[in-house]
Amino acid sequence: MTMKFSLCLSILSILLSDKSYSCDAVYSCYNDSSALKTAMSVQDSSQKTFHVCADTTWNMGRLNSNFVYVNGDQPIRLGFSGVKVLCGPEGNVKDNCNLVGGDIGVEIESYGEEVFEDMVIEGFTFTGGDGTTSIGNYFEKIS
């Protein structure tokens, strides 16, 4: 599911009495890992920044023997140069995006000899994983 949130909701709660104040900055965000994966797989050159909605917790799945993630959410997959995945509007850990448990929280997806540059994931908290890694590459864990 894609949601739209205002960057300044907390400011609005303080300034409600100021009727001249408006909130024009709106961003799209994802609170569903499958929807984020689908959006990122399009690789539209006009969109390279993706936002996970503030206060989102994903319980990460485990990779089974068929290389399919089961019993939880899929990892965030970074698969092209210049991609950014931010928690909330600006990638702030205070926006409370949590990737909990599972095998891998973030996966760098490449095939062959591809070289990626400028990949950013910002503002996420990784907890309760299996103790091996939070970031992996496709089909092989890295440390």
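In this numbering scheme, every chain counts its residues from 1 along its sequence in written order. The predicted origin of the model limits local features to residues at a pLDDT of at least 70 and limits the giving and counting of side-chain atom pairs to 80 or more, whereas totals for whole chains, interfaces and linings rest on all residues. Just so you know, side-chain values use all the structure's heavy atoms and leave hydrogens and water out.

Draft legend 1. Representation of the pattern of salt bridges. Only one rule defines a salt bridge in this text: a Lys or Arg side-chain nitrogen within 4 Å of an Asp or Glu carboxyl oxygen. All told, the structure shown has two salt bridges when counted by the stated rule. Residues arginine 62 and aspartate 103 are paired through a salt bridge, measuring 3.0 Å at the closest nitrogen-oxygen approach. Here aspartate 103 lies in the loop between β9 (97–100) and β10 (106–108) and arginine 62 lies in strand β5 (residues 62–63), a separation of 41 residues in the sequence. Note that glutamate 107 is salt-bridged to arginine 77, the shortest N-O span being 2.5 Å. Taken together, the residues span a long stretch of sequence, with glutamate 107 in strand β10 and arginine 77 in strand β7 (residues 76–78) at a distance of 30 residues. Overall, the relative accessible area of 2% leaves glutamate 107 in the buried class. Per-residue accessibility, obtained with a 1.4 Å probe over protein chains only, is compared with the maximum for each type, and a residue is labelled buried under 20%, exposed over 50%, and partly exposed between these values. The buried category is assigned to arginine 77, whose relative accessible area is 15%. In this description a helix means any DSSP run of H or I spanning at least four residues, a strand means any run of E spanning at least two, and both kinds are numbered starting from the N terminus.

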